[in-house]
Amino acid sequence: MHDILLVSGTRPEIIKLAPVYHALKRRPWARPAWLHTGQHDAMATPILDGFGISPDYVFERDGATLARFGARCREWLSDVMSARPWSGVIVQGDTESTFLGALAGFYHRVPVSHVEAGLRTHNLDRPFPEEGLRQMISRIARHQFAPTARARDMLLREAVPADCVQVTGNTVVDAQKWLIEERGLRRRVGGRGHILVTMHRRENWGDEVAQVFGAIADIAMCYPDVDVLFPVHLNPLIQAPAHAILGGLPNVRLVAPLDYLGMQQALIDAWLVLSDSGGLQEEAPTYGVPLLVLREETERPEAVGAGCARVVGTDRARIVAQVQELWEEETAYAAMRRAGNPFGDGLASERIADTLAASFGITDAAVGVAA
Ligand SMILES: CC(=O)N[C@@H]1[C@@H](OP(=O)(O)OP(=O)(O)OC[C@H]2O[C@@H](n3ccc(=O)[nH]c3=O)[C@H](O)[C@@H]2O)O[C@H](CO)[C@@H](O)[C@@H]1O
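Criteria and thresholds
Residues numbered from 1 in each chain as written. Predicted model: local features only at pLDDT ≥ 70, side-chain atom pairs only at ≥ 80, totals over all residues. Heavy atoms only, no water. Buried < 20%, exposed > 50% of the residue type's maximum accessible area, 1.4 Å probe, protein only. Helix = DSSP H or I, 4+ residues; strand = E, 2+ residues; numbered from the N terminus. Arc of directions from axis to C-beta. Contact = heavy atoms within 4.5 Å. Polar contact = N/O pair within 3.5 Å; in protein donor to acceptor, adjacent residues only side chain to side chain. Pairing = 2+ DSSP bridges. Axes fitted to C-alpha atoms, helices over the stretch in contact; angles between N-to-C directions.

## Some remarks on helix α9 (residues 236-246)
Then step 1. Three or more residues of α9 are buried, namely I238, A242 and L246. Taken end-on, α9 shows its buried residues confined to a sector of 25°, consistent with a single buried face. Seen from the buried face of α9, the exposed residues on the opposite side, beyond 90 degrees, are P236 and A244.
Then step 2. In this structure, the buried side of α9 is in contact with α8 (207-222), β9 (228-231) and β10 (252-255).
Then step 3. The backbone nitrogen of L237 lies 2.8 Å from a side-chain oxygen of the residue at the head of α9, namely N235.

## Describing the sheet that holds strand β6 (residues 143-146)
Then step 1. Strand order in the open sheet formed by seven strands is β3-β2-β1-β4-β5-β6-β7, with parallel pairing between adjacent strands. Edge positions in the sheet fall to β3 (57-58) and β7 (165-167), since each has one partner strand and no second.
Then step 2. Direction of pairing for strand β5 (residues 112-115) relative to β6: parallel, over a ladder of three bridges. Residue pairing for β6: V115 is matched across the bridge by F145.
Then step 3. Lying on the sheet, helix α1 (residues 11-25) is in contact with β1 (2-8), β2 (30-36), β4 (88-92) and β5; it crosses β1 at an angle near 165°.
Then step 4. Running at roughly 165° to β1, helix α3 (residues 66-83) makes contact with β1, β2, β3 and β4 of the sheet.

Printed below as a string of structure tokens:
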């Protein structure tokens with residue numbers, strides 16, 4: 001039996017590791033355990049519940065600064081690593097928790113698996129600190145599960161040995177497939193549907209947030225028929241301007257963060273998404289919903305390449321102009337409404353489980369390689 005530790009810290013890490021956890025649970029040779037660092041707490045619990053996961057280990061951030069939390073976390077992780085002869089540690093993405101989970105595995109000489117490896121902007125300031133963290137994880141991970149061929153090429157260019165890298169697809173598509181098949185997720189609205197907004201990236205805090213919220217106010221006032229749905233991140237730097245700029249508008253609904261099923265329902269029912277989220281860029285193409293990326297660059301250009309997303313930045317006038325074009329020009333909108341997801345086929349977690357099995361000398365392959 002192989003004990004494998006999955007480490008999560010934030011909402012997207014839970015969503016993207018949950019399918020891997022369940023894929024491992026179905027394998028007779030694997031005993032997966034879940035550790036949540038508590039980097040996000042209020043937003044994490046409903047997501048863990050939604051995937052039927054009760055963590056085996058939970059740490060608490062308890063208001064600590066990231067530096068203090070990180071120092072404590074490193075000690076706690078070391079204790080957990082010493083508690084059992086782990087066969088593997090699995091981390092996802094590029095957060096402080098991801099990095100510390102990988103570092104703990106590295107120091108304890110336990111092979112580290114990195115899910116969603118190879119995302120790059122090659123700009124250490126954007127996104128900060130994620131670009132630096134993911135590059136450092138790529139130096140110490142044994143299994144690097146790249147979501148796309150582009151991500152694999154990024155790793156090979158950094159001289160990561162080819163036998164450490166595998167293209168699996170993004171596990172977020174597995175999570176969506178599970179909701180469609182097991183929870184009956186379907187589009188429920190007639191007509192165009194709403195504009196879904198999310199905004200939280202650190203590099204957008206400050207003037208960028210005000211520009212974007214100003215653009216949303218302009219759109220809502222110019223088109224009273226447009227319904228805007230905005231689940232507002234709990235960060236006070238987002239909450240305060242959201243309520244100040246958008247609070248009084250009758251066609252803008254400011255709501256609390258949604259659980260995962262609620263978010264996917266909001267996404268499948270949307271006409272358009274305005275977001276700086278990484279995960280939404282990967283999820284919107286599953287439902288053919290066009291997305292405008294509220295950032296100056298993206299490490300996920302595959303959706304832009306496929307035609308279903310545009311990088312529009314945070315300039316108020318530019319955002320308004322882009323939305324107006326799509327609202328008024330049916331062909332421009334239809335061209336973006338493509339089906340098919342360039343990020344995955346819903347089998348990424350099974351490929352990850354197959355690779356781990358093979359690394360332990362077990363043959364129980366469930367699927368073939370990603371296209
Ligand atoms: C630089 C960068 O791109 N970094 C990424 C970024 O991740 P992100 O941008 O994808 O993060 P979010 O937008 O917070 O989450 C998205 C997921 O959450 C679901 N969701 C959202 C709102 C809601 O009300 N209910 C929900 O269920 C949504 O459908 C989606 O699946 O930060 C992480 C560290 O925080 C990084 O690791 C990750 O690389």
